[in-house]
Amino acid sequence: PACIENKSLSYGAEFRRFSVDRVKPGKFEEFSRLIMHIHRIANMELMIGYADVHGDLLPINNDDNFCKAVSMAHPLLRIFIQRQEEVDYTSFGTNTLTRRKKAVVTMRNDVNRKRPHIRIGMPQDFRPVSSIIDVDILPESHRRVRLYRHGSDKPLGFYIRDGTSVRVTPHGLEKVPGIFISRMVPGGLAEGTGLLAVNDEVLEVNGIEVSGKSLDQVTDMMIANSHNLIVTVKPVNQRNNVVRSSRISGSSGQSSDSGGSTGYPSLSVGGGGGALSAGAGGVALESDEEADIVIESSVKRPSRRSNASVASAASTASPAPPSPPSRPPSVVSTASFHSQLSLNGSTNHQHHHHHLSYQLHRDLNLQNGPQTSNPALRHSNGSLHKILSSLRTDPRHSLALPRGGVEEDGTVITL
Amino acid sequence: MYFSQSRFIFIHLSLFRFCHSLEHGFPHQPSALGYSPSLQLLAIGTRSGAIKLYGAPGVEFMGLHDENAVVTRVHFLPFQLELVTLLDDNSLHMWTLRAHKGVSELLEIGRFTLTGPPGAPPSVTRVTSVLAHSSGELLLLGTEGGHVFVVEVPGFRELEERNISLDQVANSVPEDYIGRRNLEHVETLQENPVDPNQVVIGYGRGLMVVWDLEKHQAVQHIPATQQLESTWWTEDGGHILSSHSDGSYCRWTVGGQSSKDEEEKSDIPYGHFPCKAISKIVQLPTEEGPPFLLFSGGMPRASYGDRHCISVIHGKTHVALDFTSRIIDYFVIRDGDPGALVVLVEEELVVIDLQTEGWPVIQTPYLVPLHSSAITCSHHVSAIPLKLWERLLAAGQLQITHYSPKPWPITGGQNLGQDPPQRDLLLTGHEDGTVRFWDASGVCLYPMYKLSTAGVFHTDADPNDNMNQCSEGEWPPFRKVGCFDPYSDDPRLGVQKIHLCKYSGYLTVAGTAGQILVLELNDEAAEQTVEAKIVDLLQGQEGFRWKGHTRLDVREEPVLFPPGFQPFALVQCQPPAVVTALTLHSEWKMVAFGTSHGFGLYDYQQKNSVLVKCTLNPSDQLAMEGPLSRVKSIKKSLRQSFRRIRRSRVSLRKHHVTNALQEANARLEAELAEMELAPVQRKIEARSSEDSFTGLVRTLYFADTFLSDSSHNSASLWAGTNGGSVFAYMIRMPSVEHRADEPITAHPAKEIQLMHRAPVVAIVVLDGHGSPLPEPLEVAHDLARSPDMQASHQLLVVSEEQFKIFTLPKVSAKMKLKLTALDGSRVRRVGVAWFGSSRTADAGESGLVVLTNQGDLNVVSLPSVKMQVQHPCIRREDVSGIASCVFTKHGQGFYLISPSEFERFSLSARNVVEPRSLVEVPANATAASKRRAAPDGASADNGYTLRLRQTDRQTDGHTHSITNVLDDVDEPPHSVMSCPHPAAVCDTTALSYAPIFMCS
């Protein structure tokens, strides 16, 4: 069947919808030409990206990741096109499209951003799965590991157990109860990182000490933090510890990169400690985590819906200086309309019985205005984020959506 | 001490104060019974080392031995406030009721263990019988070695010269006494009622020796040859009755012309075939007419060896009272003639009126077996309107006609507690389909009314399986007494959820087989047919196989319902899974219910289903197959085994009993062995939509709020699931005049999927002031301020892991409080409560009361969701205790500490229910005992340590003692300095109380 794609041109938020053969997508070169043809772009260095199921922006620049991208479509695939020179590579990767930083950006993040990029090559279809963080503040014998879970495709994959560990106390060595990693699930995230091993002692979960807590409590803490799990362990094998040298001791960013996450900026929230102590206060809403999905169905006052849509899309259109002449000014509502289509349209062969239309919005950015929260983000990227996050679908979430019919109108071009 | 010393833990704006205030129900595993005729107090010791005293209703005391040992004996010292307990670690403990500020407290004031001569085997001092001598000064302790030790009380001073050694007795035993074999242990010690200098020492071997304490010599030998079980010295002092292990008893003449030890009469009451032992025998005279003879046991071994009987013989009347569980002990209260027989059996206390024809049972005002059928759920309703209260009482009165009209015979102590400030009801749902209504306003949890839902259905119950039937001329003449009956005839009847509207008198009860009954209070009996509405929660979901039980079979003919709550509407869920959430809106006349498959909304005025929503995840195999989990199947098979046993008891096939028991045991052992093989490790995995039972509906909530826009409020239904989903439906109600005929509709309005996917355990809408919306009809009855509908409402979603506030009508997250991510505890029970300030009458605030799986109680403020107080309350291992917890609307709560007991606690500074009572030495007590009642310094020097009760099983004494000193303003800590006996202050708990002891 045909695979419908949706694309935007970031200098002007232009949308196109067309289809590609899912089984034989062809070569990247052809695809690139096709896009340039559809958008009537010529002789321009383009950066093509797509939104994967988790809402992450990932690049398309060779046959392999093009194939991967097409295979990700279900059935819509969102393609983003940007001028090569406008591309900010930091915007690729995990949570790049969903994450909004709060006004409080820690020092560490700023350091990361300013750090000159080491070109290891284009990040392909990589995503960080783990990192070692806070090497500068932890004893060398300890290791703080952050696991990145992307949706539900890969299990965290480890087990913990009770055990006994030996501590040095003022009264000499003392045996104390401890929590240990007991098993790794083959193919799981934990095993894949190579940073955790069976019999490593778990010392902290997201900055909170586990001593004095029961196995079940620690289990519940880990699961509750599974969207952003930071485990501090005392590895059973102490030979592979990160050796602190004066050269890198100042920057946790570098040391964390050496731990295996290739060239991705650490988007950590202060690496654990800081954010966690803030969390202990409890009430503040942290924006770093996955937000809840809210589906609101307008039972009787449909006018409200479009109001809301315009509001969310307004920022999309604002930084669009040279609007191509052929595009009507209705581009704003088009954008928002698309967002609904893409959500509802996934299984249009199902029932058409609902006249309700649903709007999905994510309860992000609560206190802050849409854009003001992070001045560091570039406008073009900002708008990109905006669109994508509003377009974002997730297989799990779309399951929960009532099935509505898809109606196509003139603004959608079907090839 | 236990009760009156409340544990002041935390004071926050004088709103919160935590204390365990008292225990309701029947003590778990009682092991000893004592009674003081002079104080008219009853004492019960338990296997866990607790000692509980009861007098008049409201007079209750409790103490706990530091040793976690079984209390084997309880003896009051005659005419005094002291009592002695013996534990199975062979230690003796002295307790007293000491008045402090006009309120009595139960205190342990001494402990003692017999020390034998050096090198003697432990059996020499192992206590097997205790006699508290009527002088109040002596304690006689018979031991396994056959010696009798004499100890002075209350100071526990051994009087070695008065000890009666086995040798002294053995030397004087007549030659012809069966070759003078070993006399064995001291089985009984009894004082001559007319001569306090004489005691009878009964040895296990059968020999009884009447001993003169003054002359220190044997007066008479009674050469019984059967193994001795008990002795009884008749009131005139002329006879001794002995009961024996072969089911016989003998009457011996004593005194007068010495050594005329003729056996006057011997009898095996249920003889011919071998009988079981008569464990205790009592004979009491009447002023005119024949005496009462009472004995326990003695049943024919083969046919009725498993019955728990006390036989009462008075003239020609002979009844074998057949109890529901093992007899611990019994005594008779006398007012001249024997008045009431008080029997402590393992699961209940039964009091039988011996002066009324037919010997009816007197209803107990306390110690009621809550677990007469296992408790499956509970529901608390605060501040019941007087009208409903009276109607309930009236309905309840009609149910207790078979009880004796006599007042409760145990009347010791004065209840000084104030009348409860309001009428509170605790409703318990039971496995047999009953709902019991308890007056929970005060110290006594008093039964008010019992509702049975079984009448609506045809059940498995075998109509011939009636144990009460007693055919004419049956021997022994059994009469069943007691109400403990743990065998449910049909587990599907089990009550799982209850919701009562106190304003309208509507009640809804939901059960194990997906049945939801709506009931109405009716003062008249009525005959009516209850029509069932079957609601298919699957909504066409395919691939479903229900392997669980079938739906209950509804009686189609009219059923006669007695006055009280009468069912008028019935919904049956299909599949008939256990109902997991239930709520009632009496103003809208709707009931919402949920199971593991979905939820529904039912209009009980039109008797019509309004909405059905399936929440089942098609990939969830477990939920698709029904409720046959492993644990439940064990339980079920055990239950069936027990029922087989029970039936076979009736059919007298004893070998079958053993077989069934062995079978059940073997099966249980196999299951347990299997469980133990699994290593203790926990999988760390994020929750996903594929998890099991994500569709299970955990909470349902009605709210009149802003769902679509901020200018139009409407009725709404909210549902939360195990998978972290919240569904909101807008309900369109017809106008009042068309309410009866126009259909109600419900439309999906919102759906929230919490990303942490933890089960949603509560949903609350907060009004413009941030206060929870009032209950239905609360405003109409002028009992609550109307909610603020001007400012915007907020939605509070409580999951097991977080408290999260969302805005309304547009749902977006506003604030949250994380629990699990920070300390690993999870929300188990949650309720909204109003905390009134203890200082200002009107001040106060609403808060969320939360019990976690760690057993901690928290108060979370509203609407700011901030943690206010936290206090450990229940041991985290006590899973059933945590699961049973129910909160009141005023910051109190109840939880089960055993299958038969509720512990009551309070988090509120204003609302505390605790016993306050005074027990005084009776006026007819001797001068000597009065003198002893006042403690003097000398006794403390004599090596008995002042020890105050550790009042709590869970709290560590640390917090408790420190805050106690800080907060107890009435007794400033500096008074400790004036304490003349530093030794008395060894326990920090005692700090603020030690001076009181010394000065009193």
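Residues numbered from 1 in each chain as written. Chains lettered and ligands numbered in written order. Predicted model: local features only at pLDDT ≥ 70, side-chain atom pairs only at ≥ 80, totals over all residues. Heavy atoms only, no water.

Chain B is annotated in an unreviewed UniProt entry as LLGL scribble cell polarity complex component 2 of Gadus morhua. Quoted verbatim from the Sequence similarities (unreviewed entry) field of the UniProt record, the comment on chain B reads "Belongs to the WD repeat L(2)GL family." (UniProt positions renumbered as here; feature names shortened; annotations may be inferred.)

An unreviewed UniProt entry annotates chain A as Par-6 family cell polarity regulator gamma b of Gadus morhua. Database annotation for chain A, UniProt heading Sequence similarities (unreviewed entry): "Belongs to the PAR6 family."

### Remarks on the overall build of chain A
A count of helical and extended segments in chain A gives 11 helices and 14 strands. Across chain A, contacts joining residues at least 24 apart in sequence account for 70% of those joining residues at least 6 apart. Roughly 18,800 Å² of accessible area belongs to chain A as shown, and the carbon and sulfur atoms make up 56% of that amount. (Helix = DSSP H or I, 4+ residues; strand = E, 2+ residues; numbered from the N terminus. Contact = heavy atoms within 4.5 Å. Areas by Shrake-Rupley, 256 points an atom, 1.4 Å probe, with all protein chains shown as cover.)

### Examining the overall build of chain B
Tallying secondary structure elements over chain B gives 12 helices and 65 strands in all. Sequence separation of at least 24 residues holds for 59% of the intrachain contacts in chain B that already meet a minimum separation of 6. With the model as given, the accessible surface of chain B reaches about 39,900 Å², and the carbon-plus-sulfur share is 51%.

### Some points on the pattern of salt bridges
Going through the model one piece at a time under the given rule, you end up with 29 salt bridges over all chains. With a closest N to O distance of 2.7 Å, Lys52(B) and Glu901(B) form a salt bridge. You can see Lys52(B) sitting in strand S4 (residues 50–54) and its partner Glu901(B) sitting in strand S64 (residues 901–908), a full 849 residues away along the chain. Lys52(B) gets classed as buried once you look at its relative accessible area, which sits at 5%. The class of Glu901(B) is buried, set by a relative accessible area of 6%. With a closest N to O distance of 3.4 Å, Glu152(B) and Arg157(B) form a salt bridge. What makes Arg157(B) partly exposed here is its relative accessible area of 45%. Overlapping salt bridges, with partners in common, bring together Asp220(A), Arg687(B), Arg698(B), Glu800(B), Glu801(B), Arg826(B) and Arg828(B) in one network. (Salt bridge = Lys/Arg side-chain N within 4 Å of Asp/Glu carboxyl O. Buried < 20%, exposed > 50% of the residue type's maximum accessible area, 1.4 Å probe, protein only.)

### What to know about the pairing of strand S19 (residues 239–244) of chain B
All names here are of chain B. Within S19, 6 of the 6 residues are buried, leaving the element largely enclosed by the surrounding structure. By the alternation rule, side chains of S19 split into His239, Leu241 and Ser243 and Ile240, Ser242 and His244, which are all buried. Relative to S19, strand S18 (residues 228–233) runs antiparallel, the two sharing 5 bridges. Considered in S19, the bridge of threonine 231 is made with serine 242. The loop that links S18 with its antiparallel partner S19 comprises 5 residues; one of these, glycine 237, has a positive phi angle of about 80°. (Pairing = 2+ DSSP bridges.)

### Details of the environment of Gln790(B)
The topology assignment puts Gln790(B) in the loop between strand S54 (760–766) and strand S55 (794–799). As for Gln790(B) and Gly768(B), which are separated by 22 residues in sequence, their C-alpha atoms are 6.3 Å apart.

### Digging into the interface of chain B and chain A
Across the contact, 50 residues belong to chain B and 53 residues belong to chain A. Of all residues in chain B, the largest losses of buried area upon contact with chain A belong to Arg682(B), Ile684(B) and Met755(B), amounting jointly to 17% of the total for that side. Between Arg682(B) and Asp216(A) there is a salt bridge; the shortest N-O distance is 2.4 Å. At the surface where chain B touches chain A, the tally comes to 16 residue pairs in polar contact (both at pLDDT 80 or more). Secondary-structure elements contributing two or more residues to the side of chain B that touches chain A are strand S49 (681–684), strand S50 (697–709), strand S52 (725–732), strand S53 (745–753), strand S56 (802–807), strand S57 (813–818) and helix H7 (820–823) of chain B. Taken together, the residues that form the side of chain B that touches chain A break down as 18 nonpolar, 13 polar and 19 charged. (Buried area = accessible area lost by both parts, 1.4 Å probe. Polar contact = N/O pair within 3.5 Å; in protein donor to acceptor, adjacent residues only side chain to side chain. Nonpolar A, V, L, I, M, F, W, Y, C, P; charged D, E, K, R; others polar.)

### Regarding the environment of Pro122(B)
With respect to the helices, strands and loops of the structure, Pro122(B) is situated in the loop between strand S9 (103–113) and strand S10 (127–132). As for Pro122(B) and Asp195(B), which are separated by 73 residues in sequence, their C-alpha atoms are 33 Å apart.

### Brief notes about the pairing of strand S16 (residues 207–212) of chain B
Looking along a regular strand, one sees side chains alternate from face to face of the sheet. Residue and element names in this part refer to chain B. For S16, a buried count of 6 out of 6 residues is recorded, marking the element as mostly surrounded by other parts of the structure. Residues of S16 alternate between two faces, with Leu207, Val209 and Trp211 on one and Met208, Val210 and Asp212 on the opposite face, all of them buried. Pairing between strand S15 (residues 198–203) and S16: 5 bridges, direction antiparallel. The residue bridging glutamine 198 from the neighbouring strand is aspartate 212, located in S16. What sits between the antiparallel neighbours S15 and S16 is a turn of 3 residues, in which glycine 206 has the positive phi angle 130°. Across 6 bridges, the pairing between S16 and strand S17 (residues 217–223) is antiparallel. Paired with leucine 207 across the two strands is proline 223, which belongs to S17. Here S16 folds back onto S17 in antiparallel fashion, the turn holding 4 residues, of which histidine 216 has a positive phi close to 55°.

### Some details on the side chain of Glu800(B)
Looking at the secondary structure, you find Glu800(B) in the loop between S55 and S56. Contacts of Glu800(B), omitting those with residues within four sequence positions, involve Arg698(B), Ala758(B), Pro759(B), Val761(B), Thr820(B), Ser825(B), Arg826(B), Val827(B) and Arg828(B).

### Section: helix H1 (residues 28–38) of chain A
Every α-helical turn comprises 3.6 residues, leaving residues that sit three or four positions apart pointing alike. All names here are of chain A. Within H1 the residues assigned to the buried category are Phe28, Phe31, Ser32, Ile35, Met36 and Ile38. Buried residues of H1, seen end-on, are gathered within an arc of 165° and therefore sit on one face of the element. Opposite the buried face of H1, by more than 90 degrees, sit the exposed residues Arg33 and His37. (Arc of directions from axis to C-beta.)

### Some details on the UniProt feature "domain: Lethal giant larvae homologue" (unreviewed entry) in chain B
In the numbering adopted here, UniProt assigns the feature "domain: Lethal giant larvae homologue" (unreviewed entry) to residues 267–360 of chain B. In the segment residues 267–360 of chain B, helix accounts for 4% and strand for 55%; the C-alpha atoms at its two ends are 28 Å apart.

### So, the confidence of the model for chain B
All names here are of chain B. Looking at chain B as a whole, its pLDDT mean stands at 82, while 82% of the residues score no less than 70. The model gives residues 1–12 a pLDDT under 50, and that stretch makes 54 contacts with residues more than four places away or in other chains. Contacts from residues 462–470, a stretch scored under 50 in pLDDT, to residues over four places away or in other chains number 9 contacts. (pLDDT = per-residue confidence, 0-100.)

### A short note on unusual backbone geometry
Across the junction of Val153(B) and Pro154(B), the peptide omega takes the value 5°, indicating a cis bond. Inspection of the secondary structure assignment puts Pro154(B) in the loop between strand S12 (148–152) and strand S13 (157–158). The backbone phi angle of Asn206(A) is positive, close to 45°, even though this residue is not glycine. In this structure, Asn206(A) sits in the loop between strand S10 (201–205) and strand S11 (208–209). When its relative accessible area of 4% is taken as the criterion, Asn206(A) is described as buried. Unlike most non-glycine residues, Phe156(B) shows phi in positive territory, near 55°. Relative to the helices and strands, Phe156(B) is located in the loop between S12 and S13.

### Overview of the sheet that holds S15(B)
All names here are of chain B. Pairing within the open sheet is antiparallel, and its 4 strands lie in the order S14-S15-S16-S17. Both edges of this open sheet fall to strand S14 (186–191) and S17, since each of them pairs with a single strand only. Shown here is a sheet whose adjacent strand axes are inclined to one another by a mean of 20°, direction ignored. Inspection of the sheet shows S14 paired to S15 by 5 bridges, in the antiparallel sense. Bridged to glutamate 191 within S15 is valine 199. (Axes fitted to C-alpha atoms, helices over the stretch in contact; angles between N-to-C directions.)

### Observations regarding a nonpolar patch on the surface
Residues Val166(A), Val168(A) and Leu173(A) make up a contiguous nonpolar surface patch of roughly 340 Å² in combined accessible area. Of note, Leu173(A) is situated in strand S9 (residues 172–184). (Patch = residues over 30% accessible without salt bridge, like charges linked within 9 Å, V, L, I, M, F, W, Y side chains within 5 Å.)

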